[in-house]
Structure formats: structure tokens, C-alpha cells
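# Results of the structural survey
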Amino acid sequence: AFLEGASTYYVRDHVRAKKKAAFIHVNYLEAGYNRKLDKNVYIDMDKIFAVSEDVRKSFLSEYSECKDKTYIFENILDVKSIIKKSEESGGFDDAFDGKRILTIARLTAQKAIDVSIDACRILLDKGENVKWYVLGDGDLRTKLEEKIKKEGLTDRFILFGVKDNPYPYLKQCDLYVHATKFEGKSIAIREAQVLGKPIIVSDCPSNLELVVSGEDALVTKLDAKAISDSIIKLLHDENLCTELGDKARIKDNDGPDSLDELLNMVC
């Protein structure tokens, strides 16, 4: 069962197999899961794989008896494919001459896009020539569009929706910002690292597993002013941007070598 929730319930109740494994890709408690909701589904799994240490801790705080069969297995990242796709045609076509900020996230409460909208407003009020783009969609789109309009950011904070190939946008942006309430282990941050982007992340535990503050990213509180302050710092320090991007690029982002490792763990 590759996702928490319905797929896990289905595997337990409707799949016939000698061994069953479940994956957890999100902070279990923060996402609203609990034993009562799950009807103790994980007790019946042979192996459980959490995508990060923070996810593992959150899960085990609810299912402590599963400790000996719960492991960390990070998302597999195809570095060569990301680099290749980033060089394909596409990306920004609006002829904007300022600094482009990019966020890749679902439009859900977890991703706190409303806070980024407020940060964008602060940046413009301080005279920064920026445009903020969000790749992704979700159930808060209409609400966020209303906030963008209310703040007068219709031409400065752009909800792009889902793109078949997001990597040209990621390659072409000046800054990547990932300011979220909680995470499992963000693939988007890792993809930005692969492409050597200067990155700003919020200080939730799973984000902190991916970066070293001040070395390969800037870490900020999930607060509009704090986020805007970090952005301004990078906008006016090209050397720091280059240093952060270079160190992010050389991080080990390959994750597990292959599915063989997973299969061996399951079996």
C-alpha cells in the first residue's frame, strides 16, 4: 500500500498476499490520522515504511507496538531524469524582468500558501521587483484566488496549476521557497537541490532533515515577515545564492539505489 489511508485499508481488507507492506508519506498525526480512524490497520501489516525519521516518530507515537517492523525508506529520486527534463522546452513565458520565486505544492492547508501570499505582499510593499509562482492545485484554489485578488497581487502571485513538466520552471526560477506547516519528506525540495537552486524552507522537522541551515538553504519560521526577510536577504546577495545553490546541488539526492533494496526489506 503506497499511501496512507484508503490504499492501506484496501490492501489489508481486499488483497490476498503472503506478506503486506504499507508506506507512510506524511506526518501521521499532523495529517489527522489516528488508530480509531484506521481501525488498527497497521497492526496487520508485516512491514511499514516511513519516508522520514519525523514521519516514523509521529507514526510510532500512535502505534508504539509496531516499532520493530517500521523502517525508513526515502522516496526514490531520478536525478538524471530531473536534469534532462529541466532542459526541455517550456517554462516561464511572461517576459517578466524581475526575480522569479517558485513554490511547488498542493493548494491545501498543509502547504500554507496563504502565508506566502502575505509574504509576497510585504516584498512588493518594500519595493522588491518579484513575481511568485505556485505549481500545483488543490481544494483551496478558489479561496486562495480570492485572497490574491484582495491583496492586489493578481499579476504578481500566480497559481499556475499542474504542469506536465515542472522542471523547466524550477531550473529558470531565481529562488525556490517551500514554507509549509508540516511534511513527510518533500520531493520538491530535493528536486530544487538537484537543480542547484537557492532554497528557503520553513522550520518543520521533515524539512530540517533535508537541509543544513545557512549552509545549503535558509530556514525560516512559518511567518510572512520572516519568509520575506529571508527572501530579501537572498535577492540582494548573489554570492550567497550561488553558494547555497552549489552546496545544495552536491548533496546526496539519489535515495535508495533501486527497488531491489525495498523488496529485500519486505521479504
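Everything that follows concerns the structure shown earlier in this document.
This text gives an overview of the structure that appears in the document. (Residues numbered from 1 in each chain as written. Predicted model: local features only at pLDDT ≥ 70, side-chain atom pairs only at ≥ 80, totals over all residues. Heavy atoms only, no water.)

### Topic: the overall build of the chain
For the chain, the count of helices and strands is 12 helices and 9 strands. Projected onto its principal axes, the C-alpha positions of the chain cover 60 × 40 × 35 Å. Buried residues in the chain amount to 52% of all 267 residues. Across the chain, every contact between residues at least 6 apart in sequence was considered, and the portion connecting residues at least 24 apart equals 70%. Summed over its atoms, the accessible surface of the chain is roughly 13300 Å², and 49% of this surface lies on carbon and sulfur atoms. Seen as two clouds, the 41 positive and the 47 negative side-chain charges of the chain have centres 3 Å apart. (Helix = DSSP H or I, 4+ residues; strand = E, 2+ residues; numbered from the N terminus. Buried < 20%, exposed > 50% of the residue type's maximum accessible area, 1.4 Å probe, protein only. Contact = heavy atoms within 4.5 Å. Areas by Shrake-Rupley, 256 points an atom, 1.4 Å probe, with all protein chains shown as cover. Lys, Arg positive; Asp, Glu negative; His and termini not counted. Charge placed at Lys NZ, Arg CZ, Asp CG, Glu CD.)

### What to know about the side chain of Ser228
Considering the arrangement of structural elements, one finds Ser228 in helix α10 (residues 224-235). By relative accessible area, which is 0% here, Ser228 ends up buried.

### So, the sheet that holds strand β2 (residues 47-50)
Taken together, 3 strands build an open sheet; the order of strands is β1-β2-β3 and the sheet is parallel. Pairing within the sheet leaves two strands with one partner each, and these edge strands are β1 (21-24) and β3 (70-72). Looking at each pair of strands side by side, their axes are set apart by 25° on average, direction ignored. Sheet topology places β1 next to β2; 4 bridges connect them, and they run parallel. Within β2, the residue paired with Phe23 across the bridge is Phe49. Here helix α3 (residues 53-60) sits on the sheet and contacts β1, β2 and β3; the angle it forms with β3, its principal contact strand, is near 165°. (Pairing = 2+ DSSP bridges. Axes fitted to C-alpha atoms, helices over the stretch in contact; angles between N-to-C directions.)

### Focus on the packing of aromatic side chains
The description of two aromatic rings rests on the distance between their centres and on the angle between their planes. Under the definition given, this model contains 18 aromatic pairs. Ring plane angle 35° and centroid distance 5.3 Å describe the contact between Phe23 and Phe49, whose orientation is recorded as tilted. Residue Phe23 is found in strand β1, and its partner Phe49 is found in strand β2; the two are separated by 26 residues along the sequence. In this structure, Phe23 and Phe49 share a single accessibility class: buried. Members of the aromatic cluster, joined through ring pairs, are Phe2, Phe23, Phe49, Tyr71 and Phe73. In this structure, Lys163 is placed above the aromatic ring of Phe160, and the distance from its NZ or CZ to the ring centre is 5.0 Å. (Phe/Tyr/Trp six-rings, centres within 6.5 Å; stacked < 30°, edge-to-face > 60°. Lys NZ or Arg CZ within 6 Å of the ring centre and 35° of its normal.)

### What about the nonpolar core?
Grouped together as the largest cluster of nonpolar side chains are 33 residues, with contacts concentrated most on Trp132, Phe157 and Ile231. Among the elements that take part in this core, helix α5 (residues 113-125) stands out by supplying 7 residues, more than any other. In this structure, Val79, Phe92, Ile189 and Ala248 belong to the second largest nonpolar core, which totals 26 residues. (Core = buried A, V, L, I, M, F, W, Y, C linked by side-chain atoms within 4.5 Å.)

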